[in-house]
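Summary of structural features
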Amino acid sequence: MVHFIGAGPGGADLITVRGAKLLGEADVIIYAGSLVNPALLDYKKEGCQVYDSAKMTLEEVIEVMKETEARGGTTARLHTGDPSLYGAHREQMDELDQLGISYDVTPGVSSFSGAAAALCAEYTLPDVSQSVIITRMAGRTPVPEGEQLRKMASHGCTMVLFLSTGLLEQVEEELMAGGYSPDTPAAIVYKATWPEEKVYRCTVSTLAKAAKENHVTKTALITIGYFLGNDYQRSKLYDPTFTHEFREASK
């Protein structure tokens, strides 16, 4: 059996209870060493073999899983955040299907949730934004034509950018070309929920400057939008003048 496990955003205690249990039972752990907090390996049992996938190809990862399965062992494949976002686990599952090896997926807390926690922010504020676009700047890995950053920016809603910290000058250009004003609030969240977490608040036009001044080159999320401001409407759910299924409006 292979268990794909979301490691959470960084803090070793932010893995799910299920994920921690599966890590503790695994005979082999393959983890994304370039992004996953190594403190999570403290959950492993004695004698567990550990592989860092940052130094491995897909074929090498699958071979370890195959060998572990052949001897009746269990593999924990530990991905950063939640594996459904930029986790590259679909290709592994397709290979396992071909080999007839069973697997399952344990979701994890995504780093975009960790970033909101670091900011003490709510991405979806009434009358500000009710949508969140999670995307990335095209770099060595392209994005589909219809998902160019300026096209995504044209919606004007909350945005969270993964894997884009090294391209912030281009990010600025694309965001403003898409319709964000230069003074739109933004923030760089470095290593959200890790012990070394840092938050740098800025604007769309000063993203590159803020990153440069604070020596941030990777392992950060970029958040954009007026959810970072102070103007919003109260939720109807807790408005005393609003009736819903569980409460009558006050007179």
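Scroll up a little and you will see the structure.
A short tour of the structure in this document, coming up.

**Regarding the environment of Leu-85**
Looking at the secondary structure, you find Leu-85 in the loop between β4 (75-79) and α3 (90-99). On the basis of relative accessibility, which here comes to 25%, the residue Leu-85 falls in the partly exposed class. Between the C-alpha atoms of Leu-85 and Glu-196, which are 111 residues apart in sequence, the distance is 23 Å. If near-sequence neighbours (up to four positions away) are discounted, Leu-85 is found in contact with Ser-110, Phe-112, Ile-134 and Phe-162.

**Focus on the nonpolar core**
By size, the foremost hydrophobic cluster in this structure holds 25 residues, and its most contacted members are Met-159, Leu-168, Val-171, Leu-175, Ile-188, Leu-207 and Ile-224. Elements supplying a minimum of two residues to this core: α5 (149-153), β7 (158-162), α6 (168-178), β8 (185-190), β9 (198-203), α7 (207-213) and β10 (220-224). Every residue in contact with Val-171, bar those within four places of it in the chain, is listed here: Met-137, Leu-149, Leu-161, Ser-164 and Leu-207.

**A closer look at the packing of aromatic side chains**
When we look at a pair of aromatic rings, we describe it by the centre distance and by the angle of the planes. Tallying each qualifying case throughout the model produces 4 aromatic pairs. Between the aromatic rings of Phe-4 and Tyr-103, the centroid separation amounts to 6.0 Å while the plane-to-plane angle is 85°, which identifies the pairing as edge-to-face. Of the two residues, Phe-4 sits in strand β1 (residues 2-6) while Tyr-103 sits in strand β5 (residues 103-106), which places them 99 residues apart along the sequence. Since its relative accessible area comes to 26%, Tyr-103 is described here as partly exposed. For the ring pair Tyr-86 and Phe-162, a centre distance of 5.2 Å and an interplane angle of 40° mean the geometry is tilted. On the criterion of sequence distance, the pair formed by Tyr-86 in the loop between β4 and α3 and Phe-162 in strand β7 is long-range, its members being 76 residues apart.

**A few points about unusual backbone geometry**
Negative phi values dominate among residues other than glycine, just as trans dominates among peptide bonds. With phi around 55°, Leu-163 is a residue other than glycine that occupies positive phi space. Tracing the sequence through the fold places Leu-163 in the loop between β7 and α6.

Conventions we followed
- Residues numbered from 1 in each chain as written.
- Predicted model: local features only at pLDDT ≥ 70, side-chain atom pairs only at ≥ 80, totals over all residues.
- Heavy atoms only, no water.
- Helix = DSSP H or I, 4+ residues; strand = E, 2+ residues; numbered from the N terminus.
- Buried < 20%, exposed > 50% of the residue type's maximum accessible area, 1.4 Å probe, protein only.
- Contact = heavy atoms within 4.5 Å.
- Core = buried A, V, L, I, M, F, W, Y, C linked by side-chain atoms within 4.5 Å.
- Phe/Tyr/Trp six-rings, centres within 6.5 Å; stacked < 30°, edge-to-face > 60°.

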